[in-house]
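One-letter residues, chain by chain:
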Amino acid sequence: MRRIIGATILSLAALVAGAQAPAGRTLEELKAEAQARADRNAYPLNGLRPDDVREALGRLKSLDRDEWAASWSELGERYAAKKDFHQAWLYYSFARWPVPNSPGKQKAYEKALEAYLQYAKRFDPPLEVLRVPYEGAEVVGYLRLPKRAGPAPLIVAIAGLDSRKEDMAERFAPLVDEGVALLALDSPGTGQSGVKAALGAERSLSLMLDAALARPGIDAKRVAVYGGSLGGYWAVLLAVTEKARLRAVVAQSPPVHEYFSRERTYAAQKNREYLFDYVPAHMFTYGASDIEQLAALKERLSLRARGLLDKPMAPMLVIGGALDTQVPIADIDLLMRSGDSPKDLWVHPRGGHMGREAKTWPDPVIFKRVTTPWLLRALDMKPA
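Everything quoted here is computed from the prediction, not taken from an experiment.

Student: I keep staring at the side chain of Ser 102 and nothing clicks. Help me out?
Tutor: Along the chain, Ser 102 turns up in the loop between helix 5 (85-95) and helix 6 (103-119). The exposure class of Ser 102 is buried, given its relative accessible area of 10%. Not counting residues up to four positions away in its chain, the partners in contact with Ser 102 are Arg 65 and Asp 66.

Take a look at the structure:
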């Protein structure tokens, strides 16, 4: 059974036909695209001030990763000195973007974590940092509880390839104000996940759920999971493996099967919807040393190859864009036709990755008008 909500779904396979992207950007092309996104407050420069962005881009003389990190970190340091830790976090985080795969980017990421925790000291109730041992490493998550009395429903929000749990904590803050508890996590292979993206990494997410549900004040019968992009993959996977504990799942542009194919991995080198370093970001996340190894590692994670798509799943909302060049619309179609659980679908016929469309359906609008109402209904919540 499928129920289609929001934008009209068109012929899924046809809409993405011919979506081959040209080669990666030169430095000047990258500067122009980054500034354009900052000017319209678009991902991944949302929250960054256009004049600051112009300054940082103006310092860049090459695509060297440490030079990139240094230019944006200069802004982070400026805001940190003013005790504006929110803006400092934004610039340090963009300094490590998309992944901390150089010494300068790793240092910037560490400063981003420090700045965010300084900023989070203003939260009431305070943010709790959960640390769970896993296979010789440590998984770190953020837990936020609402001020409302009584057991609160819980949303587990899983970040994507280049977003982080801090982004999830910020995005879902309005729902905490509505009385929902939040567990913000990095996708396996990113941030403080403690593991690489690999078979079985979902167990680390389940352990974090265990830790959150052990805290008082959470209603274990009202738990939902959200995941966007790569986080959507883990959200769909948890819809199967954690079905008994989940009331609902939102998967936004979730990789399912075709995304993991060798053909798609090799073609990713030409993607221009992604700002830059798309393949290097994947290599870091999966622990690959070259694109051939990356292709082999990714193939193993296909949900169809793993035999999971026909398993019972938690009720789900699937969000996507018909013109997405990162996660093919064919993956959305396959997911909607799989399993035996009802799913809701919101697809923007002219939307790209995450369903976003710059003029009328940017990320915040989708979150406010599609994701939030669906989650609140699923958790038997009413807006305050």
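From this point on, the discussion continues.
Student: Any chance you could explain the pairing of strand 6 (residues 218-228) here in plain terms?
Tutor: Side-chain direction in a regular strand flips from residue to residue, so the side chains alternate between the two faces of the sheet. The buried fraction of strand 6 amounts to nine of the 11 residues, a majority that puts the element mostly inside the structure. Judged from the six bridges that link them, strand 4 (residues 152-158) and strand 6 form a sheet pairing that is parallel. The residue bridging Ala 152 from the neighbouring strand is Ile 218, located in strand 6. For the segment spanning strand 6, helix 10 (residues 230-241) and strand 7 (residues 248-252), crossover handedness is right-handed.

Student: Would you mind going over the side chain of Arg 144 with me for this structure?
Tutor: Tracing the backbone through its elements, the reader meets Arg 144 in strand 3 (residues 137-144). Aside from chain neighbours lying at most four places away, what touches Arg 144 is Phe 123, Leu 127, Ala 173, Val 176, Ala 181 and Leu 182.

Student: Which parts of the structure should I look at to understand the nonpolar core?
Tutor: As a rule of thumb, soluble globular proteins bury nonpolar side chains together. Ranked by internal contacts, the top residues of the largest apolar core, which has 132 residues, are Trp 72, Leu 154 and Phe 172. Once residues within four sequence positions are removed from consideration, Leu 154 is found in contact with Leu 143, Val 180, Ala 181, Leu 182, Leu 183, Leu 209, Ala 212, Leu 213, Ile 218, Arg 222, Val 223 and Ala 224.

Student: For this particular structure, what's the right way to read the packing of aromatic side chains?
Tutor: Any pair of aromatic rings gets described here by the distance separating the centres and the angle formed by the planes. Scanning all chains against the criterion turns up 20 aromatic pairs. Centre to centre, the rings of Trp 68 and Phe 94 are 5.2 Å apart; their planes meet at 65°, and the pair counts as edge-to-face. Taken as a pair, Trp 68 in helix 4 (residues 65-81) and Phe 94 in helix 5 lie far apart in primary sequence, 26 residues in all. Neither residue differs from the other here; Trp 68 and Phe 94 are each classed as buried. Here the aromatic cluster, defined as three or more aromatic residues joined through ring pairs, consists of Trp 68, Trp 72, Phe 94, Trp 97, Tyr 274, Phe 276 and Tyr 278.

Student: Honestly, helix 14 (residues 329-336) in this entry has me stumped. Any pointers?
Tutor: Residues separated by three or four positions in an α-helix point in the same direction, a consequence of the helix having 3.6 residues per turn. Buried residues dominate helix 14, accounting for seven of its eight residues. Those residues of helix 14 not exposed but buried are Ile 329, Asp 331, Ile 332, Asp 333, Leu 334, Leu 335 and Met 336.

Student: Whenever I open this one, the environment of Arg 215 confuses me. Can you help?
Tutor: Secondary-structure assignment places Arg 215 in the loop between helix 9 (202-213) and strand 6. Arg 215 sits in the partly exposed class, given a relative accessible area of 29%. Put simply, Arg 215 and Ala 235 are 20 residues apart on the chain and 22 Å apart in space, counted from C-alpha to C-alpha. Only 2.8 Å separates the side chain of Arg 215 from the side chain of Glu 128, close enough to count as a polar contact.

Student: Even after reading the chapter, I still don't get the confidence of the model for the protein chain, so can you show me in this structure?
Tutor: As a note on interpretation, predicted positions should not be read in detail where pLDDT is low. Of all residues in the protein chain, 93% attain a pLDDT of 70 or more, and the chain-wide mean is 93. Of the regions scoring below 50 in pLDDT, residues 1-23 engages in 47 contacts with residues more than four places distant in sequence or in other chains.

Student: How should I be thinking about the pattern of salt bridges in this particular structure?
Tutor: Where side chains of opposite charge bring their charged atoms close, a pairing between them can arise. By the definition in use, this model includes 25 salt bridges. With a shortest N-O distance of 3.7 Å, Arg 203 and Glu 135 are connected by a salt bridge. Of this pair, Arg 203 sits in helix 9 while Glu 135 sits in the loop between strand 2 (128-134) and strand 3; the two residues are 68 residues apart in sequence, bridging distant segments of the chain. By relative accessible area, which is 47% here, Arg 203 ends up partly exposed. Using a relative accessible area of 62% as the deciding quantity, one classes Glu 135 as exposed. When salt bridges that share partners are traced, they join Glu 55, Arg 59, Glu 74 and Arg 78 into one network.

Student: Explain the pairing of strand 9 (residues 343-348) here, please?
Tutor: Among the six residues of strand 9, six are classified as buried, and the element is accordingly described as predominantly covered. As paired strands, strand 8 (residues 316-321) and strand 9 are joined by six bridges and run parallel to one another. Paired with Val 318 across the strands is Leu 345, a residue of strand 9. Between the parallel elements strand 8 and strand 9, the chain passes through helix 14 in a crossover that is right-handed.

Student: Just to check I follow, could you spell out helix 6 for this structure?
Tutor: Along its 17 residues, helix 6 runs 24 Å from first to last C-alpha, staying within 8% of the 24 Å computed at 1.5 Å per residue. All of the buried residues along helix 6 are Lys 105, Ala 108, Tyr 109, Ala 112, Leu 113, Ala 115, Tyr 116 and Tyr 119. Where helix 6 is buried, its residues meet helix 4, helix 5, strand 3 and helix 7 (165-171).

The rules behind these values
- Residues numbered from 1 in each chain as written.
- Predicted model: local features only at pLDDT ≥ 70, side-chain atom pairs only at ≥ 80, totals over all residues.
- Heavy atoms only, no water.
- Helix = DSSP H or I, 4+ residues; strand = E, 2+ residues; numbered from the N terminus.
- Buried < 20%, exposed > 50% of the residue type's maximum accessible area, 1.4 Å probe, protein only.
- Contact = heavy atoms within 4.5 Å.
- Pairing = 2+ DSSP bridges.
- Right-handed = clockwise from strand over helix to strand, strands pointing away.
- Core = buried A, V, L, I, M, F, W, Y, C linked by side-chain atoms within 4.5 Å.
- Phe/Tyr/Trp six-rings, centres within 6.5 Å; stacked < 30°, edge-to-face > 60°.
- Polar contact = N/O pair within 3.5 Å; in protein donor to acceptor, adjacent residues only side chain to side chain.
- pLDDT = per-residue confidence, 0-100.
- Salt bridge = Lys/Arg side-chain N within 4 Å of Asp/Glu carboxyl O.
- Expected span 1.5 Å × (residues − 1).

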